[in-house]
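# Geometric and topological summary
Chain residues, written in single-letter form:
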Number of protein chains: 2
Amino acid sequence: MTLDEPTLTENGADLPKLMSELRKRNLHNVQIGLENLRALPEVLRAGSWQATVTVVEIDGQQRIVSIEPGHVKAPLLGLAIDIGTTTVVVNLVNIETGEIIDSQGSYNKQARYGDDVITRIVHATDEEKGLADLQQAVLNTINELVDKLLTANNLEVDQLKAAVVAGNTTMTQLFLGINPKYIRLEPYIPTVAQVPIIKASELGLRLNSEAIIYNFPAVASYVGGDIVSGVLATNMAKEDAVVLFIDIGTNGEMVLGNQDWLVTCACSAGPAFEGGGITFGTRAMTGAIERVIIEPNSFEVELKTIGNGKPMGICGSGLIDGLSKLRNAGLIDRSGKFNQNIDSNRLRRTDEDWEFVLAWADDTELGKDIVLTESDIKNIIRAKGAIYSGIRTMLKMMELDGYAIEKIIIAGGFGNFLNISDAIQIGLLPDLPLDKYLFLGNSSVKGAKIALLSKEALLEAEEVGRKMTYLELSVGNAFMDEFVSALFLPHTDLSQFPSVKQ
Amino acid sequence: MTLDEPTLTENGADLPKLMSELRKRNLHNVQIGLENLRALPEVLRAGSWQATVTVVEIDGQQRIVSIEPGHVKAPLLGLAIDIGTTTVVVNLVNIETGEIIDSQGSYNKQARYGDDVITRIVHATDEEKGLADLQQAVLNTINELVDKLLTANNLEVDQLKAAVVAGNTTMTQLFLGINPKYIRLEPYIPTVAQVPIIKASELGLRLNSEAIIYNFPAVASYVGGDIVSGVLATNMAKEDAVVLFIDIGTNGEMVLGNQDWLVTCACSAGPAFEGGGITFGTRAMTGAIERVIIEPNSFEVELKTIGNGKPMGICGSGLIDGLSKLRNAGLIDRSGKFNQNIDSNRLRRTDEDWEFVLAWADDTELGKDIVLTESDIKNIIRAKGAIYSGIRTMLKMMELDGYAIEKIIIAGGFGNFLNISDAIQIGLLPDLPLDKYLFLGNSSVKGAKIALLSKEALLEAEEVGRKMTYLELSVGNAFMDEFVSALFLPHTDLSQFPSVKQ
């Protein structure tokens, strides 16, 4: 914009001049922070009364993020951030075109204080400076990713004008420095649902210090902004059809519904599908076993790893595939116990447990046999049982049967490698035609990007957050009854899995 | 307020619970900062879901300042602050009753960087860290006064929930850390008129860190928030009658008008009336000469000092009185030159100048003669001429004569000691009946207190700021012509001073 140069005879000041120009652009109630105000006189004069002003409008508030001299032609940039319990992903986005310019991800540095949200909450609550440790860890994680993006793309930190952040409720509260203590205590009430708009400088985030940080609202202590973001990414809140959205991470969160209603729940699936609690479990990364083929007579094994690297562990999709194949080969029974009568050098007993060798030491990256133990299998069954029971409990609550679901959208770190047939085979997912299934990948960062691009999407996110009815699975017996029945392969009630029964 | 205790079956979080209670109290769009958000869960539980919430509404924004557990019965406290170039005054106010509980004042610590706004602007602009020095100096001044108030009244800093600040434009910009450079450069455009709402913690002010700080808007570089605050204190913007409001400090700022129109100007009167540029000049304080009587035949002198202390200098009212009495006794002529024919040991010539002894060394606190020199008199005449010419220029602009003024309100540090007859005698103030004159004292802090108490007063202040038309005296010849004619005692045109002419 170009401002009139001031004259001796006018009543004026720099700021009202600027505000009056903004009003001409239909921005009537714009706020400015002290930093921009302090820079204002020099910026206006440096650009000979021409300036480029970035205004963010959010929740009806209009705020000046930056004022730069002259006409700035560089694109408007922002960040879409997914704070996962395990992984953090940052997308660098051109806000004008919607293009993802670059992306960076890494482990959440909070991991040193615990693998899951519960151990982190304990650290925040019980350790002196625990909360500060955890907040600083996630800020450092994000800031390092941002620095990589800035360096790789030859950008200045001041060019980053906004960020949209999605995370589960604990991650969001730790990010903001709000103690998550009560998330873990009955009746499991978080501090924030809708999070106030904050500035990057309030947190020490590596963006323009006046950049606006928007956090997705949480629905409950165990259904957070990452799921709201995911729902935005699925578009299910605008569809006629009943959609089931499942995000399988450390917890299994799921949402069922359409444009008229949305119900959501979280089941403590545990970290099995991310490799946690499994002897050779690993995240989906190069060398992780993601496909298992077992020859039914010889019990010989063929593996496929991510990136075709030497096997170094088993990731979620490998575990699901492996379990399905062990069952098909008759190596385990419906309760997950090994058939000890089978004669194969791969099936053996150690001091602690029965185990099946997937890869021999010589063929692995680790130099030792990669096995699945009976207790690993128990953990996987518990995890798959929890997720399936969550789905069933939601359906029951809505008095629907499984066939009412017209589309199933799978998100989560391992989404892209998941074999749906196998997942149905073990009773993790409902027995529906494969063409009803859809993969979304990291739906949380996808939703964050969508909200970064449009005011309307942002309002929709708020609306979605309010609209979702949270189902607390620990209340009543409905979930527990379902869970007990689901601790079999695929399920106690085979009529729910006609394709497996065949 | 009391919140419903959360249960397992509800969808909820602490913050929405609080917001919903606020909505019941007609507070629909309340913002909360990170600090209060971080404290929220513990505060709500510490008070068993009863809490006292302080919300400030300002410019249509509602912000939570504090959340305290239980029902807090202590009064709501705030500060009214006047940042003068020379003196800073802080009133501690009970916002519910309007009572001024206590007040503290001191010199502005910025004085070490220069006596007037111009030297301070030069320091801010030319010295490295000059701006930071000046901002810190005024913050330290205020914080020390606040600490005194807290200690004397046995209060905690968190109990101070809001402050309203009035200062001239340079003082306001320095307070906010905004370089006042362009105030001094043609066309004299300040950075802010209306100042954004800020939090105490943004400046490091000694109040509750989330306390809201409101600054009065400035009209122009040389008519600041202190004058807008003063107009609020005079109530002139709501009156039918035409009122002249004069604030005589380092500058002479004045406002003429009524409910329909307001015009304002500032004349560089110089610091004479605050004792600046006068050999024995001083501020109004104990021992300052405020009354002078000169026996017409013997030229003997009788003095009255503030607090009846031994004379230690001459303050503004003493200078006006002294000038008037010197003229009445025939010791000076209409141009302010001594009558060298008069035979008195009090009238004498030094190497530099002619001077008149007001007090002999033995009678003073200083141990030396207190004198008025011919060049002191010239300075006083220039100062009084500037103020009178400012008044005349405003009247001319509005095509009014002096008699249109129905009330004259005098504010400023020396207001309470000023003898109006003397001021008319020397041509400082218009020759109007004495009963039209009124003293207001420190109108700036008075207006700040009014704005602290009511939302309506605050809106009125904004309205007043917008309504005032600023007259830049350096444009055109109108002021200069008036000024030249006013460099006599009382004036070149005696018809303007009929009572003196008699």
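Anyway, here's the lowdown on the structure attached to this text.

### Quick notes on the overall build of chain A
- Check the secondary structure of chain A and you find 14 helices and 21 strands.
- Against the 2.2 N^0.38 benchmark of 23 Å for 502 residues, chain A shows a C-alpha radius of gyration of 26 Å, consistent with a compact globule.
- Projecting the C-alpha coordinates of chain A onto the three principal axes gives extents of approximately 100 × 50 × 45 Å.
- Counting only residues that meet the buried cut, chain A has 59% of its 502 residues in that class.
- Excluding contacts between residues fewer than 6 apart, the proportion of contacts in chain A whose partners are at least 24 apart in sequence is 64%.
- Roughly 19,500 Å² of accessible area belongs to chain A as shown, and the carbon and sulfur atoms make up 47% of that amount.
- Placing the 44 positive and 65 negative side-chain charges of chain A at their respective mean positions leaves the two points 1 Å apart.

### Things to note about the relation of the copies chain B and chain A
- Mapping chain B onto chain A calls for a screw motion: a turn of 180 degrees about the axis and a shift of 0.1 Å along it, with 0.1 Å RMSD after fitting. Such a turn and shift between the copies fits a two-fold axis.
- Interface overlap between copies is the fraction of interface residues in one copy that are interface residues in the other; for chain B against chain A it reaches 100%, indicating a shared surface.

### Focus on the interface of chain B and chain A
- At the junction of the two partners, chain B supplies 46 residues and chain A supplies 46 residues.
- At the boundary of chain B with chain A, total buried surface from both sides reaches about 3,800 Å², with 61% on carbon and sulfur atoms.
- Seen at the junction of chain B and chain A, the total is 2 salt bridges.
- Where Glu42(A) meets Lys181(B), a salt bridge forms, and the shortest distance between an N and an O atom there is 3.4 Å.
- In this assembly, chain B and chain A are joined by 14 residue pairs in polar contact (both at pLDDT 80 or more).

### Focus on the pattern of salt bridges
- Tallying each qualifying case throughout the model produces 40 salt bridges over all chains.
- Notably, a salt bridge pairs Glu21(A) with Lys24(A), separated by 2.7 Å at the nearest N-O pair. Linking Glu21(A) with Lys24(A), this pair stays in helix α1 (residues 14–24), spanning 3 residues, or about one helical turn.
- Residue class for Glu21(A) comes out buried when judged on its relative accessible area of 7%.
- The class of Lys24(A) is exposed, set by a relative accessible area of 59%.
- In this structure, the salt-bridge partner of Glu290(B) is Lys304(B), at a minimum N-O distance of 3.2 Å. Highlighted residues: Glu290(B) in strand β13 (residues 288–294) and Lys304(B) in strand β14 (residues 301–305), separated in sequence by 14 residues.
- For Glu290(B), a relative accessible area of 7% gives the class buried.
- On the basis of relative accessibility, which here comes to 37%, the residue Lys304(B) falls in the partly exposed class.
- The network of salt bridges with common partners includes Glu21(A), Lys24(A) and Arg25(A).

### Some words on the pairing of strand β7 (residues 160–167) of chain A
Residue and element names in this part refer to chain A.
- With respect to burial, β7 is a largely interior element, 8 of its 8 residues being buried.
- Relative to β7, strand β4 (residues 77–83) is paired through 7 bridges, and the arrangement is parallel. For Leu-79, the partnering residue across the bridge sits in β7 and is Ala-163.
- With 4 bridges connecting them, β7 and strand β9 (residues 212–215) associate as parallel partners. Residue pairing for β9: Val-164 is matched across the bridge by Tyr-214.

### Focus: the side chain of Asp422(B)
Residue and element names in this part refer to chain B.
- On the secondary structure map, Asp-422 appears in helix α10 (residues 420–425).
- The side chain of Asp-422 is buried and forms no salt bridge, while Lys-325, the nearest opposite charge, is found at 4.1 Å.
- Sequence-distant contacts of Asp-422, that is, excluding residues within four places in its chain, are made with Ile-320, Asp-321, Ser-324 and Lys-325.

### Quick notes on the sheet that holds strand β19 (residues 407–411) of chain A
Residues and elements named next belong to chain A.
- Here we have 6 strands laid out as an open sheet, ordered β20-β19-β10-β11-β12-β21, and mixed in their pairing. Here the strands that pair on one side only, and so sit at the sheet edges, are β20 (437–441) and β21 (468–470). When strand polarity is set aside, the average angle formed by the axes of neighbouring strands in this sheet is 20 degrees.
- Lying on the sheet, helix α9 (residues 374–397) is in contact with β10 (243–248), β11 (252–257), β12 (262–267) and β21; it crosses β11 at an angle near 25 degrees.
- In the packing of helix α11 (residues 443–453) onto the sheet, the strands contacted are β10, β19 and β20, and the crossing angle to β20 comes to about 70 degrees.

### Digging into the environment of Glu210(A)
Residue and element names in this part refer to chain A.
- Within the fold, Glu-210 resides in the loop between α6 (200–203) and β9.
- When the C-alpha atoms of Glu-210 and Ala-162 are compared, they prove to be 8.7 Å apart, with 48 residues separating the residues in sequence.
- If sequence neighbours within four positions are ignored, Glu-210 has contacts with Gly-33, Glu-35, Asn-36, Arg-63, Ile-64, Val-65 and Lys-199.
- A polar side-chain atom of Glu-210 sits 3.1 Å from a polar atom in the side chain of Lys-199.

### Description of the nonpolar core
- Counting residues in each nonpolar core, the largest one holds 100 residues, and the members touching the most others are Leu79(A), Ile142(A), Phe175(A), Phe216(A), Met468(A) and Leu18(B).
- The element that contributes the greatest number of residues to this core is helix α4 (residues 130–153) of chain A, accounting for 9 residues.
- Sequence-distant contacts of Ile142(A), that is, excluding residues within four places in its chain, are made with Ile81(A), Ile83(A), Val88(A), Val90(A), Phe175(A) and Leu205(A).
- Counting residues in each nonpolar core, the second largest holds 98 residues, with Trp49(A), Met171(B), Ala200(B) and Leu458(B) among its members.

### As for the environment of Tyr403(A)
Residue and element names in this part refer to chain A.
- Residue position: Tyr-403 is located in the loop between α9 and β19.
- For Tyr-403, a relative accessible area of 52% translates into the label exposed.
- For Tyr-403 and Gly-275, which are 128 residues apart along the polypeptide, the C-alpha to C-alpha distance reads 31 Å.
- For Tyr-403, the contacting residues outside a window of four places in its chain are Asp-431, Leu-432, Lys-436 and Pro-498.

### Examining the packing of aromatic side chains
- Inspection of the entire model under this criterion finds 8 aromatic pairs over all chains.
- Judged by centre distance (5.7 Å) and plane angle (75 degrees), the ring pair of Tyr214(B) and Phe216(B) falls under edge-to-face. Just as Tyr214(B) is buried, Phe216(B) falls in that class too.
- Geometrically, the ring pair formed by Phe479(B) and Phe483(B) is stacked, given 5.9 Å between the ring centres and 15 degrees between the ring planes. Of the two residues, Phe479(B) and Phe483(B) both sit in helix α13 (residues 478–485), 4 residues apart, roughly one turn of that helix. The exposure classification of Phe479(B) matches that of Phe483(B), with both residues buried.
- Over the aromatic face of Tyr182(B) sits the side chain of Arg45(A), whose NZ or CZ is 3.7 Å from the ring centroid.

### Examining the packing of helix α8 (residues 316–328) of chain A against α9(A)
All names here are of chain A.
- Where α8 contacts α9, the axes come no closer than 11 Å and their chain directions differ by 110 degrees. With respect to α9, the element α8 is oriented roughly perpendicular. Note on element contacts: α9 touches α8 through Ile-377, Ile-380 and Ile-381, opposite Leu-319, Leu-323 and Leu-326.
- Taken together, the residues of the contact of α8 with α9 sort by class into 6 nonpolar, no polar and no charged.

### Quick word on helix α3 (residues 117–126) of chain A
Residue and element names in this part refer to chain A.
- Within the span of α3, buried status applies to Val-117, Arg-120, Ile-121, His-123 and Ala-124. Along the axis of α3, the buried positions cluster into a sector of 160 degrees, meaning they face one direction only.
- Contacts made by the buried residues of α3 are with α4 and α5 (169–176).

### Observations regarding the environment of Gln31(B)
- Relative to the assigned elements, Gln31(B) resides in strand β1 (residues 30–31).
- Take Gln31(B): its relative accessible area is 16%, and that puts it in the buried class.

### Focus: the sheet that holds strand β14 (residues 301–305) of chain A
- An order of β14-β13-β15 (chain A) is seen for the 3 strands of this open sheet, with the pairing classed as mixed. Every interior strand has two partners, whereas the edge strands, β14 and β15 (313–314) of chain A, have only one.

### Section: unusual backbone geometry
- Pro187(A) follows Glu186(A) through a cis peptide bond whose omega is -5 degrees.
- Inspection of the secondary structure assignment puts Pro187(A) in the loop between α5 and β8 (198–199).
- Across the junction of Leu489(A) and Pro490(A), the peptide omega takes the value -5 degrees, indicating a cis bond.
- Its location among the elements puts Pro490(A) in the loop between α13 (478–485) and α14 (498–501).
- Even without being a glycine, Tyr188(B) presents a positive backbone phi close to 55 degrees.
- Tracing the backbone through its elements, the reader meets Tyr188(B) in the loop between α5 (169–176) and β8 (198–199).
- Residues other than glycine seldom take positive phi values, yet Asn308(B) does so here, at roughly 55 degrees.
- Structurally, Asn308(B) can be placed in the loop between β14 and β15 (313–314).
- By relative accessible area, which is 64% here, Asn308(B) ends up exposed.

Criteria and thresholds
Residues numbered from 1 in each chain as written. Chains lettered and ligands numbered in written order. Predicted model: local features only at pLDDT ≥ 70, side-chain atom pairs only at ≥ 80, totals over all residues. Heavy atoms only, no water. Helix = DSSP H or I, 4+ residues; strand = E, 2+ residues; numbered from the N terminus. Rg over C-alpha atoms; globule rule 2.2 N^0.38 Å. Buried < 20%, exposed > 50% of the residue type's maximum accessible area, 1.4 Å probe, protein only. Contact = heavy atoms within 4.5 Å. Areas by Shrake-Rupley, 256 points an atom, 1.4 Å probe, with all protein chains shown as cover. Lys, Arg positive; Asp, Glu negative; His and termini not counted. Charge placed at Lys NZ, Arg CZ, Asp CG, Glu CD. Least-squares fit on C-alpha atoms with pLDDT ≥ 70 in both. Buried area = accessible area lost by both parts, 1.4 Å probe. Salt bridge = Lys/Arg side-chain N within 4 Å of Asp/Glu carboxyl O. Polar contact = N/O pair within 3.5 Å; in protein donor to acceptor, adjacent residues only side chain to side chain. Pairing = 2+ DSSP bridges. Axes fitted to C-alpha atoms, helices over the stretch in contact; angles between N-to-C directions. Core = buried A, V, L, I, M, F, W, Y, C linked by side-chain atoms within 4.5 Å. Phe/Tyr/Trp six-rings, centres within 6.5 Å; stacked < 30°, edge-to-face > 60°. Lys NZ or Arg CZ within 6 Å of the ring centre and 35° of its normal. Parallel < 35°, antiparallel > 145°, perpendicular 65-115°, else oblique. Nonpolar A, V, L, I, M, F, W, Y, C, P; charged D, E, K, R; others polar. Arc of directions from axis to C-beta.

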